[in-house]
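# Topology and contacts: notes
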Amino acid sequence: MDMFLSVTCFMVVMNGILFQNAGCTSDSEAKFTYNVEKTFGTPSFTIDYNRDTFLKDGQPFRYISGSIHYSRVPAIYWEDRLQKMYMAGLNAIQVYVPWNFHEVAPGKYDFSGGANLTHFLTLAHQRGLLVIMRPGPYICAEWDFGGLPARLLKNTSIAIRSSDPGYLEEVDAWMSVLLPKIKPFLYQNGGPIITVQVENEYGSFPACDYIYLKHLYKLMRNYLGPDIVLFSTDGGAKGYLKCGTLEGVYATVDFGPGANITSAFEAQRTYEPKGPLVNSEFYTGWLDHWGSKHVVTSIGAVTKSLDQLLEIGANVNMYMFEGGTNFGFWSGANGGGTTFLPQPTSYDYDAPLTEAGDPTPKYYAIRNVISKYFEIPVGKDPTSIPKYGYGTVLMSYQNSFYDVLDVMSPHGPSNTTYPITMEQMQQYSGFMLYRTIIPFNITSPVFIHSPAIRDRGYVMINKVHQGMLTRLDHHWLIILAATKGDVLDIFVESQGHVNFGSHMVDPKGIFGNVTLDGVILSHWSIYSLDIDRVLPHLGYSNKSRTLRDQVPPSQPAFYTGHLPDLSSVDPPQDTFLRTTGWTKGQAYLNGFNLGRYWPTEGPQVTLYVPANVLRPSPQKNTLVLFELEGAPCGLSQPCTIKFIDKPIINGTVNQLDNILGRWDDPEV
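Residues numbered from 1 in each chain as written. Predicted model: local features only at pLDDT ≥ 70, side-chain atom pairs only at ≥ 80, totals over all residues. Heavy atoms only, no water.

Along the protein chain, the regular secondary structure elements total 13 helices and 39 strands. Each of the 668 residues in the protein chain was classed as buried or not, and the buried ones make up 59%. Accessible surface computed for the protein chain: about 25,900 Å², of which carbon and sulfur atoms make up 52%. (Helix = DSSP H or I, 4+ residues; strand = E, 2+ residues; numbered from the N terminus. Buried < 20%, exposed > 50% of the residue type's maximum accessible area, 1.4 Å probe, protein only. Areas by Shrake-Rupley, 256 points an atom, 1.4 Å probe, with all protein chains shown as cover.)

Printed below as a string of structure tokens:
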């Protein structure tokens, strides 16, 4: 293979698939086409149970891998991130496939642009990285509903992650699309995929349905063939593996720094007495939740445990190597029942590569550990993608959501006797408006009550804000006065479906009754709201309305602004939108949904803006904020927001400062 190194462009044929290296700009540039199978024979990847190792082409092999989620990284940066992972000494990557990311409607799938899985796999293969594939159907990953389509919740009797016939029918339909796409990329077929996971951490789910696992096993064998190594992943304790393992599926474990390595692998050995030791998720950091401090895992703890794992010959996948971003509405939530912990837009994870793909001190420390056991590629150290602070943008109040309700909901409301969920309305993220008429006069304070809000409900009477009903701690709200016939609105925000555990059946909107002074309210009009429809219709006025009394108080509303001309920054560079001073909402740049912001809750203050979202000069760059609770406009304070050149994801608010209007923002 040394002869390839002096050739600028070459192509390789494997199992009938043509792969070209990064030096090729067109098929005609290739100096030659190389057929791997004809020269080397059919590749193989197997388990040698006698020697407790994997065999790659008949030779002992172990992997040092890192997780990266193509759905969380802009496609223009896939190659950059893979190169950085390769230069860290990794020989493999681990990849989740989120079902709901690809399914745009029942039976309709998108594998283009940022969802082009086969292109991502091709880039990994060209970079010389093997792939550990995790196709689900459930993936967890702190991703909305663990990757399952929320439309499944329209069927209130469905039993997800089980042998429920309705669920299996949906899984079969999805896998019949996905698995044929990845089959050509199996290592046995000349591609990079060495192992494929069956389900995901199933031992942590209460169903314990072996019929379901066997169904998935047969499904994958049917589509992928008898040779691919199938595996499972569960927590590093015997109790987790009990329901997560299956004959014919190699059992692996996951655990992080500081765990008892001996104990965790003893659990694996209970179900796999022979074969390679595998930690499928060695945690380099951890996830964040709104309202909690940004989680940091020390470099020393990570490198110490990693060194111990590699010293005993274990195969290791680091979760995450780059976390990326939950653009749009893709962030999930933990909890359920009496707890609910939604996750922020940033999935930085305190990983070796930052959310924006920049190498950290943890990256180099991990590379140093890897160099003791694996050869590190020769080359220049990876560099950070350039960032630029575009400065302050003046924001103008445009419309209350009431002003554009007919645009957001062009077909009008659905009328029901009692509230129904978002999923029953065939809406799976975002916002929904529930409307009814107050049936009697209110002359003294009464309570409006509902424990069925998922997740935050803004209550208004005749378009005047009254307060909030929330999922956990605000089931009651005092209404001081109202007249029979007044319009009662509850504007509901979904903060993301639960992605892990026994409470994953997590319908959004309002799933039960709402009472007023103990009387059940009925005859609801429910509006499904589509913000994407509004963006082209906003006024984009050049006159800023900065006075508080000119803006409807505490009413969800749209604000717009334009970035300065980018002629001095060509091409555009990555940046970060600092939301300090704003309250809670959704940000859009040039129509692209950057994600949720909530700086008053923290820890995330900035939103990552990749360069590909920006338009080069002389085109205009338009920022839209859908602010739910209150913009920072005052009697003498204009509405502004700022683009800066570094992230702030650790700006957790002190609650007293929150009350006093002071934010714990390092930039303030």
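Right, picking up where we left off after that structure.
Helix length check: helix H9 (residues 299-311), at 13 residues, gives a terminal C-alpha distance of 18 Å against a target of 18 Å (1.5 Å per residue), a fit within 8%. The inward-facing, buried residues of H9 abut strand S7 (64-68), helix H8 (261-271), strand S15 (278-283), strand S16 (315-322) and helix H10 (361-370). One or two residues past the end of H9 sits Gly313, with phi positive at roughly 85°. (Expected span 1.5 Å × (residues − 1). Contact = heavy atoms within 4.5 Å.)

Under the counting rule described, the total for this entry stands at two disulfides. A sulfur-sulfur separation of 1.9 Å characterises the disulfide bridge that pairs Cys208 with Cys243. The disulfide joining Cys208 to Cys243 has a torsion of about -80° about its S-S bond and is therefore left-handed. With a gap of 35 residues between them, Cys208 in the loop between strand S12 (193-197) and helix H6 (210-224) and Cys243 in helix H7 (residues 238-244) connect regions that are remote in the sequence. (Disulfide = S-S within 2.5 Å.)

A word on the sheet that holds strand S33 (residues 557-562). Either a parallel or an antiparallel arrangement is found when strands of a sheet pair, and the pairing is made through backbone hydrogen bonds. Reading across the sheet, the five strands line up as S20-S33-S38-S35-S36 and stay open at both edges, with antiparallel pairing between neighbours. Edge strands, defined here as strands with exactly one partner in the open sheet, are strand S20 (396-400) and strand S36 (592-597). Averaged over all pairs of adjacent strands, the angle between strand axes in this sheet comes to 25°, irrespective of strand direction. Pairing between S33 and strand S38 (residues 622-627): six bridges, direction antiparallel. Opposite Gly561, over in S38, you have Leu623 as the bridge partner. (Pairing = 2+ DSSP bridges. Axes fitted to C-alpha atoms, helices over the stretch in contact; angles between N-to-C directions.)

With that out of the way, let us pick up the environment of Asn279. With respect to the helices, strands and loops of the structure, Asn279 is situated in strand S15. C-alpha of Asn279 to C-alpha of Gly235: the two residues are 44 residues apart in sequence and 9.5 Å apart in space. Not counting residues up to four positions away in its chain, the partners in contact with Asn279 are Val253, Asp254, Phe255, Phe265, Leu309, Asn315, Val316 and Asn317. A polar contact of 3.4 Å, which involves the side chain of Asn279, links it to the backbone nitrogen of Phe282. (Polar contact = N/O pair within 3.5 Å; in protein donor to acceptor, adjacent residues only side chain to side chain.)

Core analysis: the biggest nonpolar cluster contains 109 residues, and Ile93 and Met318 have the highest contact counts within it. Ile93 has contacts with Ser65, Gly66, Ile68, Leu82, Met85, Phe120, Ala124, Leu129, Leu130, Val131 and Ile132, leaving out every residue within four places of it along the chain. Core analysis: the next-biggest nonpolar cluster, separate from the first, contains 26 residues, Trp582, Leu607, Leu623 and Cys639 among them. (Core = buried A, V, L, I, M, F, W, Y, C linked by side-chain atoms within 4.5 Å.)

Attention now moves to unusual backbone geometry. Look at the link from Arg454 to Asp455: it is a cis peptide, with omega at 15°. Its location among the elements puts Asp455 in the loop between strand S24 (453-454) and strand S25 (456-461). Of note, Asn590 is a non-glycine position whose phi angle comes to about 55°, a positive value. For Asn590, the position within the fold is in the loop between strand S35 (585-589) and S36.

We now examine the pattern of salt bridges. Evaluated as defined, the whole model comprises 21 salt bridges. Two residues, Arg151 and Glu170, come together in a salt bridge whose shortest N-O distance is 2.6 Å. Within this pair, whereas Arg151 is found in the loop between strand S11 (130-134) and helix H5 (165-182), its partner Glu170 is found in helix H5, the two being separated by 19 residues in sequence. The exposure class of Arg151 is buried, given its relative accessible area of 13%. Note on Glu170: relative accessible area 24%, which makes it partly exposed. A salt bridge links Arg533 to Asp530; its shortest N-O distance comes to 3.7 Å. Three or more residues are tied together by salt bridges with common partners; here these are Asp80, Arg81, Lys84 and Glu322. (Salt bridge = Lys/Arg side-chain N within 4 Å of Asp/Glu carboxyl O.)

The pairing of strand S19 (residues 391-394) with strand S39 (residues 640-644) spans four bridges and is classified as antiparallel. Looking at the pairing, Leu394 lines up with Thr640 of S39. In the sheet, strand S34 (residues 575-578) pairs with S39 via three bridges, with the strands oriented antiparallel. By the bridge assignment for S39, Arg578 is matched with Lys642.

Moving on: the environment of Gly225. Among the structural elements, Gly225 can be located in the loop between H6 and strand S13 (229-235). Residue Gly225 is classed as buried on the basis of its relative accessible area, which comes to 13%. Spatially, the C-alpha atoms of Gly225 and Leu186 are 9.9 Å apart, while their sequence positions differ by 39 residues.

As a further point, take empty space enclosed by the protein. Here the structure, examined in full by the defined rule, presents four cavities of 30 Å³ or more. Surrounding the largest cavity, 13 residues form its lining, Leu287, Asp288, Ser346, Tyr347 and Asp348 being those nearest its centre. (1 Å grid on protein atoms, 1.4 Å probe; cavity = no way out; pocket = protein on both sides within 12 Å on 5 of 7 lines; lining within 4 Å. Points joined across faces, edges and corners; volume = space filled by probe spheres on them.)

This model, assessed by the stated rule, comprises 43 aromatic pairs. Ring geometry for Tyr70 versus Phe101: centroids 6.4 Å apart, planes at 65°, classification edge-to-face. With Tyr70 in the loop between S7 and helix H2 (78-87) and Phe101 in helix H3 (residues 99-102), this pair connects stretches of sequence that are 31 residues apart. Each member of the pair, Tyr70 as well as Phe101, is classed as buried. Judged by centre distance (5.2 Å) and plane angle (65°), the rings of Phe327 and Phe592 are edge-to-face. (Phe/Tyr/Trp six-rings, centres within 6.5 Å; stacked < 30°, edge-to-face > 60°.)

Right, let's get into the sheet that holds S39. Overall, antiparallel pairing links the four strands, which are arranged S19-S39-S34-S37 in an open sheet. What marks the edges here is a single partner per strand, and that holds for S19 and strand S37 (606-609). Strand after strand, the sheet turns through a mean of 30° between neighbouring axes, direction not considered.

Between the first and last C-alpha of H6 there are 21 Å, a value that for 15 residues agrees with the 21 Å anticipated at 1.5 Å per step. The elements touched by buried residues of H6 are H5, S12, S13 and H7. The opening residue of H6, the one whose side-chain oxygen lies 3.1 Å from the backbone nitrogen of Ile211, is Asp209. One or two positions beyond H6, positive phi appears at Gly225, with a value near 95°.

The angle between the axes and the distance between the axes are what describe a pair of packed helices. With their axes 10 Å apart at the nearest point, H2 and helix H4 (residues 117-126) run at an angle of 35° to one another. Here the hand of the crossing between H2 and H4 comes out right-handed. Contact residues: Trp78, Glu79 and Leu82 in H2; His119, Phe120, Leu123 and Ala124 in H4. For the contact of H2 with H4, the class distribution of residues is five nonpolar, one polar and one charged. (Left-handed = near helix turned anticlockwise from the far one by under 90°. Nonpolar A, V, L, I, M, F, W, Y, C, P; charged D, E, K, R; others polar.)

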